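This is what each chain is made of:
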Amino acid sequence: MIQINNVFNNANMKCIASGGSYFVYEHQKDSSVTPWTAQQEWFMSQMNLQKRQLLIQLNNSAIKLQAGEMQWISGAVQASSGVTGVGNFLGKMVKGAVTGESAVKTVYQGQGFVMCEPTYNYIIIEDLANWPGGITLDDGLFLACDANITENIQKRKNISSALLGGEGLFNLGLHGQGFAAFETPVPREELFEFVLNNDTLKIDGNMAVAWSSTLDFTVETLTGNAIGSAATKEGFVNVYRGSGRVLMAPTLPGTVRPDMNGPETTTSTASSSQGIAGSVASSLLNL
């Protein structure tokens, strides 16, 4: 029987979230610094830039983990690739290529612990019971889920959504009962949550990190025509219709207007507005 010291009884390791078999541990400070990195590490700790790790406790159960994320395993835990043949492997390769996730997710089952690699991203645990019809994740955010949860590819209703909305043509969908963990670029307390009841949500940019698979996602001009959208300076918006939930990261880098007390330069990845040229393209694509 293995004994684990300086993990659960480590004052520097704080459990900040949990759900199901999943526990998020946050390193309160990084002591492994040098004289040349100490100042940077101090400022990072003051701004909530701490390393976080996902710990999974298996109790005669099984989970699926993003490939390459395992740091250590303890106990009677077996790992498998989940690949059953050439056809199955090729299918997983295609799914991974179009969703931005690893082609093969490692399955861990048994009795023990699985610790994930540290990350500066924020980790969120979601109970799929709160997502009737399943949850769709933005590209590359998946971390882990219960093994009984099924994955599928969520496809956009039209190709213009992929080309103009700051989103890919495909996203990873998770369906079933159980828990899932995924990474986000902002902390949970900064995420806006919208609950739609046969309603519509429009977001000016690629800021939705997760949404109900029951929602229809398209990209449209804000006013419905090229001239009106150009006049409002809001070329394209991501539109979610139906009943379900949307988690939105409103504080992503690049969302601050440069003329409103923001930095001189901002990235364009957080906004899909394209001005006059984009609005004309939208009209041609009949959005």
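Refer to the structure presented above.
None of the values given here were measured: they were computed from a predicted structure. (Residues numbered from 1 in each chain as written. Predicted model: local features only at pLDDT ≥ 70, side-chain atom pairs only at ≥ 80, totals over all residues. Heavy atoms only, no water.)

Is there a simple way to explain the side chain of Lys-105 in this structure?
Here Lys-105 shows up in the loop between helix 2 (86–99) and strand 5 (106–116). Residue classification places Lys-105 among the buried residues on the basis of a relative accessible area of 8%. Setting aside chain neighbours within four positions, we find Lys-105 in contact with Leu-65, Gln-66, Ser-80, Ser-81, Phe-142, Glu-151 and Leu-172. (Helix = DSSP H or I, 4+ residues; strand = E, 2+ residues; numbered from the N terminus. Buried < 20%, exposed > 50% of the residue type's maximum accessible area, 1.4 Å probe, protein only. Contact = heavy atoms within 4.5 Å.)

Would you explain unusual backbone geometry in this entry?
A negative phi angle is the norm for most residues apart from glycine, just as the trans form is the norm for most peptide bonds. Here the phi dihedral of Asn-6 falls at roughly 60°; this positive angle occurs in a residue that is not glycine. In this structure, Asn-6 sits in the segment before strand 1 (13–19). The exposed category is assigned to Asn-6, whose relative accessible area is 52%. Positive phi outside glycine occurs at Asn-198, with the angle close to 50°. Residue placement: Asn-198 occurs in strand 12 (residues 192–203).

When you look at the environment of Asp-199 in this model, what are you seeing that I'm missing?
Counting through the fold element by element, Asp-199 comes out in strand 12. Distance from Asp-199 to Arg-241, taken between C-alpha atoms, is 5.8 Å for residues 42 residues apart in sequence. Discounting residues that sit within four places of it in the chain, Asp-199 has contacts with Tyr-240, Arg-241 and Gly-242.

How should I be thinking about the side chain of Ser-212 in this particular structure?
Relative to the elements of secondary structure, Ser-212 occurs in strand 13 (residues 208–212). Note on Ser-212: relative accessible area 2%, which makes it buried. Of note is the side chain of Ser-212, whose polar atom sits 2.7 Å from the backbone nitrogen of Arg-245. Leave out the neighbours within four places in its chain, and Ser-212 touches Trp-131, Gly-134, Gly-244 and Arg-245. (Polar contact = N/O pair within 3.5 Å; in protein donor to acceptor, adjacent residues only side chain to side chain.)

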